[in-house]
Amino acid sequence: MQKLSRLVLPHIVSGIVSARRSAHDRLFESLNDLEFITRKIDNVDQSCTVELQILSEPPFFQLLAGEAHRFLLASAVSKQRSFQQQEDNAAWQVIEHYYAAYYAIHYLIRISGIGLCNLDSSSVSRIEQCCYGASAGINGAPVRGLYTIKYNVDTQVLTMRKPQARSGGSHVDAWRLWVEFIDRLVAHLEKDMSEYASEALLLSLHKSFVQRSVGHFNPPILRGEINYQFKGGVWPFERNSTNSIRSLKNSILAPLNRSLESLTPWEGLVENNKIIMDLAARTFDHAADSYPKSICRSLKNKHKKLLEYS
């Protein structure tokens, strides 16, 4: 996994992981604290796109660093909880393990300048106030709701996109962004397949598991089946669940099984969760080591015992 984690590093926004402080508020709750100009509002057809020119990066990076590291810590807490044993039941262990991976995704995409954010009425007002006569790029008003965001370091422009038609909720959006992230890693390793042949195979198997079909992703579907349909052989009252419960408990505690084929969907969920969590942990450790005066190093020292589980 060490070589695979190296593929993540070129996609990291250094300003985020090197931030010396992190904000406690979310990005769109704190637009009044940011200096920016609204360059574009395009609310037509079936989508809404907004572009913000960030004028001062440090406060912006602090907000993204705060969001990213809260997700990392939530991932570590959830992973630790997934190790807690409950007699004759593995349902909540598997669900906690899923959330540990889900939060790790949010950490990894955010430190790459990508994420999901909710735009509320006060954020909409602030964006409209910062148009400053740039009427040529303004077509309509921004709408409230969940947006995907992407920051361009070269242009210092934050692009926000909200499809009008919802496609399954924030979990589906997060896994969609994760598949896009995997595609970027694959594009990078394809430049040196002789060096990364093993990693290419692992990512191919991982993506095949995560993406069931276009717009449909195995991890949130399996989570829903456990939570609401009592499926997966993880509940004690399921038929013939004793062996699967034992197997999944052992799998959660074991290192990654790189052979991701010939697994049940539930075993596949656990093993593929490990890939995501391992990438997040290694990336965080690299950032903390590379930026000794950053909030990463501070958090690593403060939460040393917790992060040992990540």
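Data block above holds the structure.
What you see is a predicted model; the values in this text were computed from it and never measured.

### Structural notes on the nonpolar core
L27, F60, L158, M160, W175 and W178 are the most contacted members of the largest nonpolar core, which has 99 residues in total. Residue contributions to this core peak at 13 residues, all from helix α4 (residues 91–111). Setting aside residues no more than four positions away along its own chain, W175 makes contact with Y98, Y102, I105, V210, F217, P219, P220 and I276.

### Concerning helix α6 (residues 170–189)
Along its 20 residues, α6 runs 29 Å from first to last C-alpha, staying within 8% of the 28 Å computed at 1.5 Å per residue. Looking at α6, one finds that the buried residues are H171, V172, D173, A174, W175, L177, W178, V179, F181, I182, L185 and L189.

### Section: the state of the cysteines
By the definition in use, this model includes zero disulfides. No disulfide involves C117; its sulfur sits 14 Å from that of C48, the nearest cysteine. For C117, a relative accessible area of 6% puts it in the buried group. Unpaired in terms of disulfides, C131 finds its nearest cysteine sulfur in C130, a separation of 7.8 Å. By relative accessible area, which is 13% here, C131 ends up buried.

### Topic: the pattern of salt bridges
If you walk through the whole model with that rule in mind, you get 14 salt bridges. With a shortest N-O distance of 2.5 Å, R282 and D278 are connected by a salt bridge. Pair noted here: R282 and D278 are both in helix α10 (residues 265–290), with a separation of four residues, about one helical turn. Look at R282 and you get partly exposed, because its relative accessible area is 29%. Between D285 and K300 there is a salt bridge, with the nearest N and O atoms lying 3.4 Å from each other. Of this pair, D285 sits in helix α10 while K300 sits in helix α11 (residues 295–302); the two residues are 15 residues apart in sequence, bridging distant segments of the chain. Among the charged side chains, a salt-bridge network with shared partners connects K3, R6, E195 and E199.

### Section: the environment of L201
By secondary structure assignment, the location of L201 is in helix α7 (residues 197–210). You can call L201 exposed: its relative accessible area is 52%. Along the chain, L201 and S259 lie 58 residues apart, while their C-alpha atoms are 9.9 Å from each other.

### A few points about the pairing of strand β5 (residues 145–152)
Most of β5 sits out of view: six of its eight residues are buried. Taken together, the six bridges between strand β3 (residues 114–119) and β5 define a ladder with antiparallel strand orientation. Across the sheet, G115 pairs through a bridge with I149, a residue of β5. One ladder, built from five bridges, connects β5 with strand β6 (residues 157–163); its direction is antiparallel. Residue pairing for β6: I149 is matched across the bridge by M160. Here β5 hands over to β6 after four residues, with Q156 in that stretch at a positive phi of 60 degrees.

### So, the packing of α4 against α10
At a minimum axis distance of 8 Å, the contact between α4 and α10 shows a crossing angle of 40 degrees. One element, α4, and the other, α10, form an angle in the oblique class. Regarding α4 and α10, the two cross each other, and that crossing is left-handed. Counted together, V94, H97, Y98, A100, A101, A104, I105, Y107, L108 and I111 of α4 and L269, V270, N273, K274, I276, M277, L279, A280, T283 and F284 of α10 form the full contact between these two elements. When the residues that make up the contact of α4 with α10 are grouped by side-chain class, the tally is 16 nonpolar, three polar and one charged.

### Here we look at the pairing of β6
For β6, the buried fraction is high: five of the seven residues fall into the buried class. In the sheet, strand β2 (residues 47–54) pairs with β6 via seven bridges, with the strands oriented antiparallel. Opposite T49, over in β6, you have R161 as the bridge partner.

### Side note on unusual backbone geometry
Although it is not a glycine, D88 adopts a positive phi angle of roughly 60 degrees. Looking at where D88 falls in the secondary structure, it is placed in the loop between α3 (57–82) and α4. Residue N240 is not a glycine yet carries a positive backbone phi of 55 degrees.

### Side note on α7
Taking 1.5 Å of rise per residue, the 14 residues of α7 would be expected to cover 20 Å, and the 20 Å separating its terminal C-alpha atoms lies within 8% of that figure. Every buried residue of α7 is listed here: E199, A200, L202, L203, L205, H206, F209 and V210. Elements in contact with the buried residues of α7: α1 (2–6), α6, β7 (211–213), β8 (216–217), α8 (218–229) and α10.

### Remarks on the environment of P163
Tracing the sequence through the fold places P163 in strand β6. On the basis of relative accessible area, P163 is assigned to the partly exposed category, the value being 36%. Sequence separation between P163 and Y147 is 16 residues, and the spatial gap between their C-alpha atoms is 7.8 Å. When near neighbours in sequence (up to four residues on either side) are disregarded, P163 contacts Q46 and S47.

Here is what the cut-offs are and how they apply
Residues numbered from 1 in each chain as written. Predicted model: local features only at pLDDT ≥ 70, side-chain atom pairs only at ≥ 80, totals over all residues. Heavy atoms only, no water. Core = buried A, V, L, I, M, F, W, Y, C linked by side-chain atoms within 4.5 Å. Buried < 20%, exposed > 50% of the residue type's maximum accessible area, 1.4 Å probe, protein only. Helix = DSSP H or I, 4+ residues; strand = E, 2+ residues; numbered from the N terminus. Contact = heavy atoms within 4.5 Å. Expected span 1.5 Å × (residues − 1). Disulfide = S-S within 2.5 Å. Salt bridge = Lys/Arg side-chain N within 4 Å of Asp/Glu carboxyl O. Pairing = 2+ DSSP bridges. Axes fitted to C-alpha atoms, helices over the stretch in contact; angles between N-to-C directions. Parallel < 35°, antiparallel > 145°, perpendicular 65-115°, else oblique. Left-handed = near helix turned anticlockwise from the far one by under 90°. Nonpolar A, V, L, I, M, F, W, Y, C, P; charged D, E, K, R; others polar.

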